[in-house]
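Close look at the chain arrangement
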Amino acid sequence: MPTRGVAAVMSQGWKWGMLLGLLAGPAVFAQGSQVPAAGVTPPSEDAPRREIPPLHLFYRAGVAARGNPSGLFTNMAFLVRHRLYVSDSLALRDNYLAAGAIGMVSPALMRGGLGVEFQPLSILQLSASYEGIYFFGNFNFMQSYATPNAVSSDRRMEELGKAGQTYATTGTLLTLAGMLQLKVGPVAVRSNVRAFHFNMRLREGDTVFYDPLLDVVAPNGGWNLSKDTDVLYVAGKLAMGLRYTLTHAYYRPEHYAAGDQDMGLNPTINRVGPFLAYTFHDQEELRFNAPTLVLISQWFVSHRYRTGQEVNRAIPWVALAFQFKGIL
């Protein structure tokens with residue numbers, strides 16, 4: 001659709017907005033996982049503004065803490081971005097092609113590698129990354145198994161950790177992600193889908209492992225899917241609403257032990273609950289921009305262990321994050 005056509009649609013009340021990206025999804029800081037935040041009033045016309053060249057260096061960073069399961073994560077990305085074209089339309093103006101270094105660190109593991117992002121429109125972002133992973137061998141990780149049917153609850157992993165079954169190891173992770181987002185008046189809707197493919201060096205005979213970020217028993221050499229859907233009301237610096245999260249692991253016959261089969265013990269994980277984000281300021285050309293606090297609390301609708309089997313269903317998944325970004 002031509003730029004003028006989009007602008008005409010917007011003038012009739014349809015406003016597409018670029019929503020601030022944070023890394024606080026189901027794993028808090030899984031690559032490509034983002035949470036939207038509110039935009040803020042732009043500076044006055046006579047305020048000094050820094051001109052942003054088409055080719056520029058962009059960064060984002062943050063820290064998050066999570067409960068049920070517990071975790072502490074930091075993330076960072078340094079990307080060279082190139083603006084594809086110039087447009088005054090809100091639906092088109094936030095466009096770019098970017099590539100650079102990404103990383104994540106927690107007390108139990110670290111990841112790092114290269115990522116690419118392609119945003120042809122303000123409402124659509126596609127990304128991919130390839131990272132190396134190193135598990136330190138502490139905090140009851142790494143834990144791997146010969147079948148997805150093995151018991152992998154928090155209690156069992158603690159028992160195996162005390163028995164010396166935890167080990168350090170390395171591997172790789174390929175992540176593919178797509179995000180669609182739009183805003184009509186004060187209501188913002190966004191869907192963020194991510195696919196994760198792990199290749200880990202597991203203990204001999206093991207085919208799956210527990211990934212503490214996704215909270216799933218992940219198939220080695222297989223795919224895992226995670227999807228966040230947000231419906232938010234944006235009021236100035238504040239965004240509030242609901243987030244629904246789906247996480248699923250795709251097992252193949254070779255992931256099961258001989259004579260074993262899918263017994264339905266690992267259902268698709270479903271969580272839903274309130275989302276709250278507060279952005280202190282948002283001015284694109286700043287080197288320290290869009291500092292945002294995010295609080296998400298979700299209750300499990302389905303989970304192998306967290307809907308009463310071991311953890312009381314009333315205990316929510318909770319994440320508190322602080323994220324910022326800027327153009328250097």
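What you see as residue numbers is a count from 1 along each chain, following the sequence as written. Only residues with pLDDT of at least 70 are given local features in this predicted model, and only at 80 or more are side-chain atom pairs given and counted; all residues enter the totals for whole chains, interfaces and linings. Hydrogens and water are ignored here; the side-chain numbers use all heavy atoms of the structure.

1. Structural notes on the pairing of strand β14 (residues 289-302)
Relative accessibility thresholds used throughout: buried, under 20% of the residue-type maximum; exposed, over 50%; partly exposed, between the two (1.4 Å probe, protein chains only). Under the scheme used here, helices are H or I runs from DSSP no shorter than 4 residues and strands are E runs no shorter than 2 residues, and both carry numbers assigned from the N terminus. Of all 14 residues that make up β14, 10 are buried, and the element is covered over most of its length. Between any two strands, pairing holds if DSSP finds at least two bridges. As paired strands, strand β13 (residues 269-279) and β14 are joined by eight bridges and run antiparallel to one another. Following the sheet pairing, Leu276 is matched in β14 by Leu295. Where β14 lies against strand β15 (residues 317-327), eight bridges are found, and the strand directions are antiparallel. Residue pairing for β15: Leu293 is matched across the bridge by Phe322.

2. Some thoughts on the sheet that holds β14
Spatially, the 12 strands close up into a barrel ordered β1-β2-β3-β4-β5-β7-β8-β11-β12-β13-β14-β15, and their pairing is antiparallel. Between one strand axis and the next, the sheet turns through 20° on average, direction left out of account. Relative to strand β12 (residues 238-249), strand β11 (residues 223-235) runs antiparallel, the two sharing 12 bridges. Across the sheet, residue Asp230 finds its bridge partner in β12, namely Arg243. Between the N-to-C directions of two axes lies an angle of 0 to 180 degrees, each axis being a line fitted to C-alpha atoms and, for a helix, fitted only over the stretch in contact.

3. Topic: the confidence of the model for the chain
For residues with low pLDDT, the predicted coordinates do not support detailed interpretation. Think of pLDDT as the predictor's per-residue confidence, scored from 0 to 100. Confidence in the prediction for the chain averages 86 pLDDT; 85% of positions are at 70 or higher. Every residue in residues 1-47 is under pLDDT 50, and counting partners more than four places away or in other chains gives 146 contacts. Residues are treated as being in contact if the distance between any of their heavy atoms lies within 4.5 Å.

4. Considering the sheet that holds strand β9 (residues 208-211)
Hydrogen bonds between backbone atoms are what pair the strands of a sheet, whose relative direction is either parallel or antiparallel. The sheet built from three strands is open, its strands ordered β6-β9-β10 with antiparallel pairing. Unpaired on one side and paired on the other, β6 (144-145) and β10 (216-219) mark the two borders of the sheet. Of the pairings in the sheet, the one linking β6 to β9 comprises two bridges and is antiparallel in character. Following the sheet pairing, Ser144 is matched in β9 by Phe209.

5. A closer look at the nonpolar core
Core analysis: the largest hydrophobic core is formed by 43 residues, its most contacted members being Ile133, Phe135, Met142, Tyr145, Phe198, Met200 and Phe209. Broken down by element, this core gets its largest block of residues, four residues, from strand β8 (residues 187-200). Leaving out residues up to four positions away in the same chain, Phe135 has contacts with Ala108, Leu109, Phe141, Met142, Ala168, Thr169, Met200 and Pro212. In terms of nonpolar packing, the next biggest core, distinct from the first, is built from eight residues, Ile52, Ala98, Ile102 and Ile327 among them. Residues enter a nonpolar core if they are buried and are Ala, Val, Leu, Ile, Met, Phe, Trp, Tyr or Cys, with the set joined through side-chain atoms within 4.5 Å.

6. A short note on the pairing of strand β1 (residues 55-67)
Here 12 bridges tie β1 to strand β2 (residues 71-82), and the two strands are oriented antiparallel to one another. Within β2, the residue paired with Arg60 across the bridge is Ala77. Between β1 and β2, which pair antiparallel and follow one another directly, the connecting turn spans three residues, one of which, Asn68, has a positive phi of 60°. Of the pairings in the sheet, the one linking β1 to β15 comprises 10 bridges and is antiparallel in character. Paired with Gly62 across the strands is Gln323, a residue of β15.

7. Focus on a nonpolar patch on the surface
Surface patches are defined over residues having more than 30% relative accessible area and no salt bridge, joining like charges when they lie within 9 Å and nonpolar side chains (Val, Leu, Ile, Met, Phe, Trp, Tyr) when within 5 Å. We get accessible surface area from the Shrake-Rupley algorithm with a probe of 1.4 Å; when it comes to residues, only the shown protein chains can shield them. Counted as salt bridges are all cases of a side-chain nitrogen of Lys or Arg within 4 Å of a carboxyl oxygen of Asp or Glu. On the surface, Val187, Val189, Val231, Tyr233, Met240, Leu276, Leu295, Val318 and Leu320 cluster together into a nonpolar patch covering about 700 Å² of accessible area. Put simply, the parts of the chain that give the nonpolar patch at least two residues each are β8, β11 and β15.

8. Structural notes on the pattern of salt bridges
Under the counting rule described, the total for this entry stands at 12 salt bridges. Of the charged contacts in the structure, one is a salt bridge between Asp230 and Arg190, with a shortest N-O distance of 2.5 Å. Here Asp230, found in strand β11, pairs with Arg190, found in strand β8; they are 40 residues apart in sequence, far enough to count as distant. Under the relative-accessibility criterion, Arg190 is labelled buried at 1%. Arg243 is the partner of Asp230 in a salt bridge, and the nearest nitrogen-oxygen pair spans 2.7 Å. Of this pair, Asp230 sits in strand β11 while Arg243 sits in strand β12; the two residues are 13 residues apart in sequence, bridging distant segments of the chain. Three or more residues are tied together by salt bridges with common partners; here these are Arg190, Arg194, Asp228, Asp230 and Arg243.

9. Re the environment of Pro54
Examined against the element boundaries, Pro54 turns out to sit in the loop between α1 (3-11) and β1. Residue class for Pro54 comes out partly exposed when judged on its relative accessible area of 43%. Each residue touching Pro54, except ones within four places of it in the same chain, is listed here: Arg81, His82 and Arg83.

10. Some points on the packing of aromatic side chains
Given two aromatic rings, their pairing is described by the distance between the two centres and the angle made by the two planes. Side-chain rings of Phe, Tyr and Trp (the six-membered ring for Trp) are treated as a pair once their centres are within 6.5 Å; stacked means planes under 30 degrees apart, edge-to-face means over 60, and tilted covers the remaining angles. Across all of its chains, the model carries nine aromatic pairs by this definition. Measuring from ring centre to ring centre gives 6.0 Å for Phe141 and Tyr210, while their planes differ by 15°; the resulting arrangement is stacked. Remark: Tyr210 occurs in strand β9 and Phe141 occurs in the loop between β5 (124-135) and β6; sequence separation between them is 69 residues. Exposure class is identical for Phe141 and Tyr210. Each is buried. A centroid spacing of 5.1 Å and a plane angle of 50° characterise the contact between Phe288 and Phe324, whose relative ring orientation is tilted.

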